[in-house]
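What the coordinates show
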Amino acid sequence: MTMKKIAKNIKFEEALAELEQQVQLLESGELPLEEALAAFQQGVALSKVCMTKLNTVQQEVEKIVVADDDDNEYELETFAELED
């Protein structure tokens, strides 16, 4: 089993589904050592893709906060500002 190349434009959901498949393969305990290593390497690569995509989305998320109910003004806060 060789490590499959991950498409650059893979969607998060696709990467996560592939990662789950690799985990199931590893958890089965039925893979020979070389195939288990390849599945592990594929899983690590897919995990990095998922984390990168999640971090990118986290940076882009904004929350609308009502600043003043009387004049319906809104203020945008980035995700990082909400954590403070």
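Everything below is about the structure printed above this text.
Residues numbered from 1 in each chain as written. Predicted model: local features only at pLDDT ≥ 70, side-chain atom pairs only at ≥ 80, totals over all residues. Heavy atoms only, no water.

1. Comments concerning the overall build of the protein chain
If you tally the helices and strands in the protein chain, you get three helices and two strands. Each helix and strand of the protein chain, ordered N terminal to C terminal, gives the series α-α-β-β-α. Looking at the protein chain as a whole, 17% of its 84 residues qualify as buried. Sequence separation of at least 24 residues holds for 48% of the intrachain contacts in the protein chain that already meet a minimum separation of 6. Just so you have it, the protein chain exposes about 6800 Å², and 53% of that area is on carbon and sulfur atoms. (Helix = DSSP H or I, 4+ residues; strand = E, 2+ residues; numbered from the N terminus. Buried < 20%, exposed > 50% of the residue type's maximum accessible area, 1.4 Å probe, protein only. Contact = heavy atoms within 4.5 Å. Areas by Shrake-Rupley, 256 points an atom, 1.4 Å probe, with all protein chains shown as cover.)

2. Comments concerning helix α1 (residues 12-28)
Every α-helix carries 3.6 residues per turn, so stepping three or four residues along brings you back to the same face. If you check α1, its first and last C-alpha atoms are 24 Å apart, about what 17 residues at 1.5 Å a residue would give, namely 24 Å. Residues of α1 that are buried: Ala15, Leu19 and Gln22. Down the axis of α1, the buried set is contained in an arc of 60 degrees. They therefore lie on one face. Within α1, the exposed residues directed more than 90 degrees away from the buried face are Glu13, Gln24 and Glu27. Its buried side turned inward, α1 meets α2 (33-60). (Expected span 1.5 Å × (residues − 1). Arc of directions from axis to C-beta.)

3. Considering the nonpolar core
Among the nonpolar cores identified, the biggest contains seven residues, and these are Ile6, Ile10, Ala15, Leu19, Ala45, Leu46 and Cys50. Of all elements in the fold, only α1 and α2 reach the threshold of two or more residues within this core. The biggest single contributor to this core is α2, with three residues. Once you skip the residues sitting within four places of it in the chain, isoleucine 10 turns out to touch Ala15, Glu18, Val49 and Lys53. (Core = buried A, V, L, I, M, F, W, Y, C linked by side-chain atoms within 4.5 Å.)

4. Digging into the side chain of glutamine 22
Along the polypeptide, glutamine 22 turns up in helix α1. Not counting residues within four places of it along the chain, the set of residues in contact with glutamine 22 comprises Ala39, Gln42, Gly43 and Leu46.

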